[in-house]
Amino acid sequence: MQKLINISVLKSFIGSLIFTAGLFSQSLNTAPYWQQVKTDDYKGKQDDIYFINETTGWYCNGNGKIYKTTNSGTDWKLIFEKKGTFFRCIAFADSLNGFAGNIGTDYFPNVTDTVPLYKTTDGGITWIAVAYSGPTVKGLCALDIYKEPIINSGILNYKTHIFCGGRVGSPAFTIISHDNGNTFLSADMNMYCKYILDIKFFTLKEGLICAASGDDLDNNHALILITHNGGNTWEKVYESKRNAEITWKQFFPSRSVGYVTVQSYDTNATADQRYIVKTIDGGKTWKEMELVKDFKVREFGVAFTDDKHGWVGAMPYGFETFDGGKSWKSSYMGFATNKIRILSNTSGQKTAFAIGSTVSKNKSVINSGYDAIAATRNAYAGGRWYKNFTFSQETKFYKDGKEDKIEIWHEAYSAPGKLSIKFKTKDAKVGVLFEGNKIHVFNENQEPVHKLFIHDLLLAAFDIYFLKPYETHHLLDSLGYNLKIVREDVFEGRKVFVVGAQKGDEKSNQLWIDAERFYLHRIIYNRPNEVRDIILSDYVNMENNWVAKKIIFKENGQLNLIETYFDIKFPKEINKDFFDPVKFTETKLE
């Protein structure tokens, strides 16, 4: 009869881990990561966010709501609501004077408001319809404010010009003001394009529009228009050759360099290449660049901190580049990010906000373990870390530094926190089950043992991608990890950030997380009379998933276990009975 398994020993033995990619590149000192901020829930894509400085900003959405922050996005307050209005775009000239565009009727359901443009003079508390001269405008998708420098009595001042364009789904019109928003004039743009998705002016004369060639989406081409006379006439500078495409948003990190996203609505799954277009001559000419080959991707917002480093918002996930769009890595600033705003303070430091289904803020430096946990989780948010996996492992036990015995174990995992382990055979009645922060130990001819148990390794290396950051913070705090501490280091040739311990301390509880790929390399945790040091190695890429095929366990500096994984699978669905303590002895892992 097999002896009852010692739970404290099991904790160092058990914790087989597999890892997925969807790479998110980051340097601890320079490249920001995205952190979701607390806002009201919203189903779908929210469209615009705008800041006048580091602390004060607004965002709007399709529920006719406008929110404001005065503390850099930490808190948002609903300041205005108009039912039947779909606020698509928003911009402010200063802390009091702003404008918001409405998509208009006959496109989205439940939109009854026919007013295309609203104005506020009290920071967004009240809004009034803007009167304009010219043809009737159906709706707006984009706003741009250009401040013209003027000298009055030797004092530098600015005259505000407001440029508005719309809309998706046609028809195409602009509304423009050259007198600080006191009067507006509309213009019919349908001779040039049928959709207007974004508008940008660099001077009173020079501007660009993101557009679509027609009003039949299936046959549309993505289009960019340029004006050199303030919008009196426009000319085409880019048109895609593929059907079912439109340009969406544009961003110029400098006057010469600019980027535009291209949306594809082609229903043919073979049309899976996604593109952006780039200019290096201020918008006169444009070059297509490959973003990703993925039929599921639809592009939205774009922004850059400089000519080389920037993001594209998309669904189901976004992208980041460090080389001006030559190569891209997965990034996550929120689902369907439609607008990204870059802010610079007086010291030249940059902060970015992104809006889609959520609002996110980037942080340029990881200052604590709390930041590190949030960055790790967000690197794979949006379902980009797989939920289920099964595998078998060769388990080598060591005693006094020498190999003692070898066993084969079979395991199944489902996130978060469910791990089933069968010893020797897949239908064995002997094994261990982790679920709901509990451990269940099964032995033949003995009653199962059930205890509360938090599995450090599962939590830090896998559950972290499925729990909210504050949930992981709470659990790690309860286990004695000091999340106030974080530092940079190098482990096996890769840059890592170490959470929980200063350099030279290899006894305190700590996590060693890859600074580029955000997976766990090492975990050390201290228990009474023993320090466990676990190293994850031999990473390979399987089916676009990073897998640590070997895990090395040490106890008080002595090698006691090596796990080597094989027969690794990533099922979309997994049998729930695998993780039911009542059914453990009846199930067979597949």
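A quick note: this is a predicted structure, and the numbers were derived from the prediction, not measured.

Mind showing me how you'd approach the overall build of the protein here?
Along its length, the protein carries 4 helices and 41 strands. The principal-axis extents of the C-alpha atoms in the protein amount to approximately 90 × 55 × 45 Å. Expressed as a percentage of its 590 residues, the buried residues of the protein come to 58%. The long-range share in the protein, meaning contacts at least 24 apart out of those at least 6 apart in sequence, stands at 51%. Of the roughly 24800 Å² of accessible surface on the protein, 49% is carried by carbon and sulfur atoms. Measuring between centres, the 72 positive side-chain charges of the protein sit 1 Å from its 68 negative side-chain charges.

What exactly am I supposed to notice about the nonpolar core here?
Side chains of nonpolar character tend, in soluble globular proteins, to be buried together. Grouped together as the largest cluster of nonpolar side chains are 62 residues, with contacts concentrated most on Phe434, Tyr481, Phe497, Leu511, Leu520 and Ile523. The next biggest cluster of nonpolar side chains, apart from the first, holds 27 residues, and it includes Cys89, Ile90, Ala93 and Ile175.

Help me understand the pattern of salt bridges in this model?
As a working rule, side chains carrying opposite charge can pair if their charged atoms are close by. All chains considered together, the criterion is met by 28 salt bridges. The partner of Lys82 in a salt bridge is Asp113, with the nearest N and O atoms 3.6 Å apart. Highlighted residues: Lys82 in the loop between β5 (77–81) and β6 (87–92) and Asp113 in the loop between β7 (98–102) and β8 (117–120), separated in sequence by 31 residues. Judged by relative accessible area, Lys82 falls into the partly exposed class, the value being 30%. Between Glu403 and Lys396 there is a salt bridge, with its nearest N and O atoms 3.9 Å apart. With a relative accessible area of 44%, Glu403 lands in the partly exposed category. Connected through salt bridges with shared partners, the residues Lys329, Arg494, Asp514 and Glu516 form a single ionic network.

Looking at this model, I keep getting lost on a nonpolar patch on the surface. Mind explaining?
The grouping of Ile151, Leu156 and Tyr158 at the surface amounts to a nonpolar patch, some 350 Å² of accessible area in total. With respect to the helices and strands, the residue Leu156 is situated in strand β11 (residues 155–166).

Explanation requested: the pairing of strand β31 (residues 418–423) in the structure shown.
The two faces of the sheet receive side chains in turn, since in a regular strand these alternate between them. Summarising burial for β31: 5 of the 6 residues are buried, a large majority. As paired elements, strand β30 (residues 402–414) and β31 share 6 bridges and run antiparallel to each other. When the sheet's bridge partners are listed, Tyr413 is paired in β31 with Leu419. Both β31 and strand β32 (residues 431–435) contribute to a ladder of 4 bridges, which runs antiparallel. Bridging across to β32, Ile421 finds its partner in Val432.

Looking at this model, I keep getting lost on the sheet that holds strand β27 (residues 350–355). Mind explaining?
Each strand in a sheet pairs with its neighbour through backbone hydrogen bonds, running either in the same direction (parallel) or in the opposite one (antiparallel). Strand order in this open sheet of 4 strands is β1-β28-β27-β26, and the pairing throughout is antiparallel. The open sheet has two edge strands with one neighbour each: β1 (33–36) and β26 (339–344). Between one strand axis and the next, the sheet turns by 25 degrees as a mean value, whatever way the strands run.

So what exactly am I meant to see when it comes to the sheet that holds β6 here?
In space, the 4 strands of this open sheet follow the order β6-β7-β8-β9, with antiparallel pairing throughout. The open sheet has two edge strands, β6 and β9 (128–129), and neither has a second partner. The pairing of β8 with β9 spans 2 bridges and is classified as antiparallel. The residue of β9 that forms the bridge with Tyr118 is Ala129.

Just to check I follow, could you spell out the pairing of strand β4 (residues 65–69) for this structure?
The pairing of strand β3 (residues 57–60) with β4 spans 4 bridges and is antiparallel. Note that in β4 the partner of Cys60 across the bridge is Ile66. With antiparallel pairing between neighbouring strands as the criterion, β3 and β4 make up a hairpin whose turn holds 4 residues, including Gly64 at a positive phi of roughly 75 degrees. Taken together, the 4 bridges between β4 and β5 define a ladder with antiparallel strand orientation. Its bridge partner lying in β5, Ile66 is registered against Phe80.

Could you clarify how one ought to interpret unusual backbone geometry in this entry?
Put simply, Ser170 and Pro171 share a cis peptide bond, and its omega is 0 degrees. As for its position among the elements, Pro171 is in the loop between β11 and β12 (173–177). The omega torsion across Met315 and Pro316 is 10 degrees, close enough to zero to call that bond cis. Along the polypeptide, Pro316 turns up in the loop between β23 (310–315) and β24 (318–321). With phi around 55 degrees, Ser153 is a residue other than glycine that occupies positive phi space. Locating Ser153 in the fold gives a position in the loop between β10 (142–152) and β11. Judged by relative accessible area, Ser153 falls into the exposed class, the value being 71%. Notably, Asn556 is not glycine yet its phi reads approximately 50 degrees, a positive angle.

Honestly, the environment of Asp48 in this entry has me stumped. Any pointers?
The topology assignment puts Asp48 in strand β2 (residues 48–51). When the C-alpha positions of Asp48 and Leu143 are compared, they lie 9.7 Å apart, and in sequence the two are 95 residues distant. Contacts of Asp48, omitting those with residues within four sequence positions, involve Tyr59, Cys60, Arg88, Cys89, Ile90, Lys339, Arg341 and Ile355. Only 3.0 Å separates the side chain of Asp48 from the side chain of Arg341, close enough to count as a polar contact.

In this structure, what is going on with the layout of surface pockets? I would like to understand it.
Vacant regions in the atomic arrangement are exposed by a probe of water-molecule size rolled over the atoms. By volume, the largest pocket amounts to about 950 Å³. In terms of lining, the largest pocket is formed by 37 residues, of which the most central are Tyr50, Lys200, Phe251, Arg341 and Ile342. Listed by contribution, the elements that provide at least two residues to the lining of the largest pocket are β2, β6, β10, β14 (195–201), β18 (245–251), β22 (298–304) and β26. Per element, the largest residue contribution to the lining of the largest pocket is 6 residues, and it comes from β26. Across the lining of the largest pocket, the residue classes break down as 20 nonpolar, 7 polar and 10 charged.

Thresholds, definitions, all that
- Residues numbered from 1 in each chain as written.
- Predicted model: local features only at pLDDT ≥ 70, side-chain atom pairs only at ≥ 80, totals over all residues.
- Heavy atoms only, no water.
- Helix = DSSP H or I, 4+ residues; strand = E, 2+ residues; numbered from the N terminus.
- Buried < 20%, exposed > 50% of the residue type's maximum accessible area, 1.4 Å probe, protein only.
- Contact = heavy atoms within 4.5 Å.
- Areas by Shrake-Rupley, 256 points an atom, 1.4 Å probe, with all protein chains shown as cover.
- Lys, Arg positive; Asp, Glu negative; His and termini not counted.
- Charge placed at Lys NZ, Arg CZ, Asp CG, Glu CD.
- Core = buried A, V, L, I, M, F, W, Y, C linked by side-chain atoms within 4.5 Å.
- Salt bridge = Lys/Arg side-chain N within 4 Å of Asp/Glu carboxyl O.
- Patch = residues over 30% accessible without salt bridge, like charges linked within 9 Å, V, L, I, M, F, W, Y side chains within 5 Å.
- Pairing = 2+ DSSP bridges.
- Axes fitted to C-alpha atoms, helices over the stretch in contact; angles between N-to-C directions.
- Polar contact = N/O pair within 3.5 Å; in protein donor to acceptor, adjacent residues only side chain to side chain.
- 1 Å grid on protein atoms, 1.4 Å probe; cavity = no way out; pocket = protein on both sides within 12 Å on 5 of 7 lines; lining within 4 Å.
- Points joined across faces, edges and corners; volume = space filled by probe spheres on them.
- Nonpolar A, V, L, I, M, F, W, Y, C, P; charged D, E, K, R; others polar.

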